[in-house]
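Fold and geometry: a report
Below are the chains, spelled out letter by letter.
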Amino acid sequence: MLKDQRAEYGAEIVSALGRQLETRFGRGFGEKNLRRMVQFAEAFPEAEIVAALLRQLGWTHFTMLIPLKDPLKRDFYAEMCRVERWSTRTLRAKIDSMLYERTVLSKKPEKLIREELDDLQKADALTPDLVFQDPYLLDFLGLQDTFSEKDLESALLREIERFLLELGTGFAFVERQKRITLDGDDYYIDLLFFHRRLRRLVVIELKIGDFKPADSGQVELYLRWLDRYERQTGEEPPLAIILCAGKKEETVEILDLDKSDIHVAEYLTELPPREVLRERFHRALAAARSRLEQQALR
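This write-up is about the structure you can find in this document.

In this structure, the second largest pocket encloses a volume near 670 Å³. Around the second largest pocket, the lining is made up of 29 residues, and of these Ala93, Lys94, Ser97, Leu165 and Glu166 lie nearest the centre. Sorting the residues of the lining of the second largest pocket by element identifies α6 (88-96), α7 (99-102), α11 (160-167) and α14 (274-297) as the ones contributing at least two each. The residue makeup of the lining of the second largest pocket, split by class, is 13 nonpolar, six polar and 10 charged.

Structure representation (structure tokens):
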């Protein structure tokens, strides 16, 4: 009862203050906006951080960030928005597609997530874990039923602009079916990109079936060839994304592909209902963090 009375009294104070401020300074200080200002101060209490964000973010950006209850998720979107200069439309699309839950970063322990976000905030230190996703949402391709790897590749190139948006800011398309020759044998890289901020070539290998250990051996060969013959002065070692229809978590974990700079991710050409997708992401997050905790105990 006392709590309800205090809440009612507090609401009356905010409402009265809003009327006074509007009388003195004009529109924009109504009760709704005052409550948002209070929420803003609670979500972003550090003036130095706010000053840095304000160079790229407007008030509409902040009104989208404030409702996010998880501080790590909120800081991820705020900093990525600042670094990659997202418009409000892009920010809304990223939040709605649950980008944070799909990043490699989100599957780490909270302490490590905070460390990477702090590095991003202080030094604009972008890492592959902030960039790479799992799964990638490719529903815009319009692929249905059965299709080949060539069909998938052709569809991605037809929709290259939307594919680049899904990959994230900084990716630049370099070449399709890049041929490499070793000992007289020809091999072909499905798609080759360059990430400007990471300063790394990125191989994207497409698989219409489940991930197989042989896939990583093939891609590792591509990375070593690119590192020897294509890597330019000032660039970091190449990376790879193996996009497959199904990802076998235990197989990927045992291969420990992170050490080889290979990221295995699923793609979805048809999206389930949003709540089903959300539940799937949360289960994947819980499972990934559980595996990391078990590894730490070994």
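Don't stop here, the text continues.
Taken as a whole and judged by the stated rule, the model has one cavity of 30 Å³ or more. Size it by volume and the largest cavity reaches roughly 80 Å³. Of all the secondary-structure elements, those providing two or more residues to the lining of the largest cavity are α5 (71-84), α9 (128-131) and α11. Residues of the lining of the largest cavity, tallied by class, amount to six nonpolar, three polar and three charged.

Okay, the pattern of salt bridges next. A complete count under the given rule lists 20 salt bridges for this structure. In this structure, glutamate 166 and arginine 102 form a salt bridge, with 2.7 Å as the shortest nitrogen-oxygen distance. Here glutamate 166 is found in helix α11, whereas its partner arginine 102 is found in helix α7, with 64 residues between them in sequence.

Counting 56 residues, the largest nonpolar core has Phe44, Leu65, Phe76, Tyr77, Phe163, Ile204 and Leu243 as the members making the most contacts within it. No other element matches the seven residues that α5 contributes to this core. Aside from chain neighbours lying at most four places away, what touches phenylalanine 44 is Val50, Leu53, Phe62, Leu65, Arg74 and Ala78. In terms of nonpolar packing, the next biggest core, distinct from the first, is built from 19 residues, Ile189, Phe211, Ile242 and Leu257 among them.

Moving on: the pairing of strand β5 (residues 239-246). Of all eight residues making up β5, seven are buried, and the element is well covered by its neighbours. Looking at chain direction, strand β4 (residues 200-210) and β5 are connected through seven bridges and run parallel. Each bridged residue has a counterpart across the sheet, and for lysine 207 the counterpart in β5 is cysteine 244. Running through helix α12 (residues 213-229), the crossover from β4 to the neighbouring parallel element β5 is right-handed. Where β5 and strand β6 (residues 262-268) come together, five bridges link them in parallel fashion. Bridging across to β6, alanine 240 finds its partner in isoleucine 262.

Further remarks concern unusual backbone geometry. Cis geometry is adopted by the peptide bond preceding proline 135, which originates at aspartate 134 and carries an omega value of 5 degrees. Within the fold, proline 135 resides in the loop between α9 and β1 (136-137). Non-glycine residue aspartate 183 carries a positive phi angle of around 50 degrees. Relative to the elements of secondary structure, aspartate 183 occurs in the loop between β2 (171-182) and β3 (185-195).

It is worth spelling out the environment of alanine 284 at this point. With respect to the helices and strands, alanine 284 occurs in helix α14. C-alpha of alanine 284 to C-alpha of aspartate 134: the two residues are 150 residues apart in sequence and 9.6 Å apart in space.

A few words now on the packing of aromatic side chains. One pass over the full model with this rule turns up 10 aromatic pairs. When the centroid spacing of 6.3 Å and the interplanar angle of 85 degrees are considered together, the rings of phenylalanine 171 and phenylalanine 193 count as edge-to-face. Here phenylalanine 171 is found in strand β2, whereas its partner phenylalanine 193 is found in strand β3, with 22 residues between them in sequence. On the accessibility criterion, phenylalanine 171 (8% relative accessible area) is buried. Centroid distance phenylalanine 173 to phenylalanine 193: 5.5 Å. Interplanar angle 65 degrees. Geometry classified as edge-to-face. Of this pair, phenylalanine 173 sits in strand β2 while phenylalanine 193 sits in strand β3, and the two are 20 residues apart along the sequence. A network of ring pairs unites the aromatic residues Phe40, Phe44, Trp59 and Phe62 as a single cluster. Above the ring of phenylalanine 44, the side-chain terminus of arginine 74 is found at 6.0 Å from the ring centroid.

Calculation criteria
- Residues numbered from 1 in each chain as written.
- Predicted model: local features only at pLDDT ≥ 70, side-chain atom pairs only at ≥ 80, totals over all residues.
- Heavy atoms only, no water.
- 1 Å grid on protein atoms, 1.4 Å probe; cavity = no way out; pocket = protein on both sides within 12 Å on 5 of 7 lines; lining within 4 Å.
- Points joined across faces, edges and corners; volume = space filled by probe spheres on them.
- Helix = DSSP H or I, 4+ residues; strand = E, 2+ residues; numbered from the N terminus.
- Nonpolar A, V, L, I, M, F, W, Y, C, P; charged D, E, K, R; others polar.
- Salt bridge = Lys/Arg side-chain N within 4 Å of Asp/Glu carboxyl O.
- Core = buried A, V, L, I, M, F, W, Y, C linked by side-chain atoms within 4.5 Å.
- Buried < 20%, exposed > 50% of the residue type's maximum accessible area, 1.4 Å probe, protein only.
- Contact = heavy atoms within 4.5 Å.
- Pairing = 2+ DSSP bridges.
- Right-handed = clockwise from strand over helix to strand, strands pointing away.
- Phe/Tyr/Trp six-rings, centres within 6.5 Å; stacked < 30°, edge-to-face > 60°.
- Lys NZ or Arg CZ within 6 Å of the ring centre and 35° of its normal.

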